[in-house]
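Descriptive structure summary
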Amino acid sequence: MKALASWSSGKDSAWMVHVLRQRGDVEIGALLTTVNASAQRVAMHGVRVEVLEAQAAAIGAPLWIVPIPYPCANDVYERAMAEAVSRAVREVFTHAAFGDLFLADIRTYREERLAGSGLTPLFPIFDSGPGYTQRLARTMVAAGVRARITCVNPTVLDRRFAGREFDASLLDELPASVDPCAERGEFHTCAYDGPMFSAPVPIATGITVERDGYVFTDLCLTPSASSV
C-alpha cells in the first residue's frame, strides 16, 4: 500500500505515521498539508512552512502543500483537496491515511469524499472506546513523542497553556473537560521529536498572540537549522 498521509504538523499525525510504519505493509509516499496561502502557515495550527519542511525531511517523505485562502469556503477547500487526490491517483497512491481519533462524523465525511476516487481511506489510530485518548496521550509521551502547543481555544482551555510541552506534566494539569489529545480542537500541537523522525526538528518558541479568537504561540527553526 502506498499512502498519502494527511499531515497537520501535530502529534496525532506524527503518531499515525509511526503506527503505519510499524505495520510494515504501508509506504508513506507523501505528507499532505493545507496551508494558509497568505500567512504561509498550517491552517489552525499556525505552524510555519519551514517547520513543515523540516518535519518532512526528518520523516523522509515528500511534502505536498495545498494552498488555500483565508477565510476558505468549503467548496474551495474541497476542490483543492480533490486536485490533490487526483494527483495521488496519477502517481499510483492506493490509500489516504488520517490521524482522526474518535469523531465519527469526520471519519464519515472523509470516507464519503474519497468514495470512488481511487484512494481507500485509512484510520490507523481511530478508536471510539472509553478512555482511549487518555491512554493514547500517555502512550505517545512514553514513546518519546515531543510536541509543543501552538494554538489554544481560550473558550475551553486557559491561554496559559499556549506554548507548553505536550508531556506528562501537561496531561496532569489539563481540566477534565478537555480531551487529552484535544480531538475536539481544544488545542493544537507541533511535533518535533519522536520515533517517526530520524532526528529532532530544532525549534524555538517565539511570541504568543491572540488572533481570530484563538491564542497562537509561534514556533520557528533555530537559527543554525534555518541557515543550513
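Up top you'll find the structure we're talking about.
Quick summary incoming for the structure in this document. Worth saying up front: this structure is predicted, and the values here are computed from it rather than measured.

1. Here's the deal with the environment of Glu 111
Structurally, Glu 111 is set in helix H4 (residues 104-114). The class for Glu 111 is partly exposed, based on a relative accessible area of 32%. The spatial distance from the C-alpha of Glu 111 to the C-alpha of Pro 121 is 6.4 Å, given a sequence separation of 10 residues.

2. A few points about the packing of aromatic side chains
In this structure the tally under the stated criterion is 5 aromatic pairs. Ring plane angle 25° and centroid distance 5.6 Å describe the contact between Phe 98 and Phe 123, whose orientation is recorded as stacked. Pair noted here: Phe 98 is in the loop between strand S5 (95-97) and H4 and Phe 123 is in the loop between strand S6 (120-122) and helix H5 (132-142), with a separation of 25 residues, a long-range link. What makes Phe 98 buried here is its relative accessible area of 10%. Note on Phe 123: relative accessible area 11%, which makes it buried. A ring pair is formed by Tyr 214 and Phe 216, whose centres lie 6.5 Å apart and whose planes are at 55°; its orientation type is tilted. Classification of Phe 216 as buried rests on a relative accessible area of 11%. In textbook terms, an aromatic cluster arises when at least three aromatic residues are bridged by ring pairs, as seen for Phe 98, Phe 123 and Phe 126. Of note, Arg 107 hangs over the ring of Phe 126, and the distance from its end group to the ring centre comes to 4.8 Å.

3. A few points about the nonpolar core
Counting 57 residues, the largest nonpolar core has Trp 7, Val 17, Leu 31, Val 152, Phe 166, Leu 174 and Phe 187 as the members making the most contacts within it. Once residues within four sequence positions are removed from consideration, Leu 174 is found in contact with Leu 157, Phe 161, Asp 179, Pro 180 and Phe 187.

4. Structural notes on the side chain of Arg 148
Positionally, Arg 148 belongs in strand S7 (residues 146-152). Its relative accessible area of 13% is what places Arg 148 among the buried residues. A polar contact of 2.7 Å, which involves the side chain of Arg 148, links it to the side chain of Thr 205. Excluding residues within four positions of it along the chain, Arg 148 makes contact with Gly 163, Arg 164, Glu 165, His 188, Thr 189, Cys 190, Tyr 192, Ile 203, Ala 204, Thr 205 and Leu 219.

5. Points about the side chain of Thr 222
Note that Thr 222 resides in the loop between strand S10 (214-221) and helix H7 (223-226). Excluding residues that lie within four positions of it along the chain, Thr 222 makes contacts with Pro 202, Ile 203 and Ala 204.

6. Regarding helix H2 (residues 49-59)
Side chains three or four residues apart in an α-helix point the same way, a direct result of the helix having 3.6 residues per turn. Buried residues dominate H2, accounting for 8 of its 11 residues. Along H2, the residues classified as buried are Val 49, Val 51, Leu 52, Ala 54, Gln 55, Ala 56, Ala 58 and Ile 59. Trailing H2 by a residue or two, Gly 60 shows a phi angle of about 85°, which is positive.

7. Description of the sheet that holds strand S9 (residues 203-211)
Strand order in the open sheet formed by 4 strands is S8-S7-S10-S9, and the pairing between neighbours is antiparallel. The open sheet has two edge strands with one neighbour each: strand S8 (187-193) and S9. Between one strand axis and the next, the sheet turns through 30° on average, direction left out of account. Note: S9 against S10, 7 bridges, orientation antiparallel. When the sheet's bridge partners are listed, Ala 204 is paired in S10 with Cys 220. Of the strands in this sheet, S8, S9 and S10 touch H2, which is tilted by about 60° from S10.

Criteria and thresholds
Residues numbered from 1 in each chain as written. Predicted model: local features only at pLDDT ≥ 70, side-chain atom pairs only at ≥ 80, totals over all residues. Heavy atoms only, no water. Helix = DSSP H or I, 4+ residues; strand = E, 2+ residues; numbered from the N terminus. Buried < 20%, exposed > 50% of the residue type's maximum accessible area, 1.4 Å probe, protein only. Phe/Tyr/Trp six-rings, centres within 6.5 Å; stacked < 30°, edge-to-face > 60°. Lys NZ or Arg CZ within 6 Å of the ring centre and 35° of its normal. Core = buried A, V, L, I, M, F, W, Y, C linked by side-chain atoms within 4.5 Å. Contact = heavy atoms within 4.5 Å. Polar contact = N/O pair within 3.5 Å; in protein donor to acceptor, adjacent residues only side chain to side chain. Pairing = 2+ DSSP bridges. Axes fitted to C-alpha atoms, helices over the stretch in contact; angles between N-to-C directions.

Any link to function would need more than the numbers given here.
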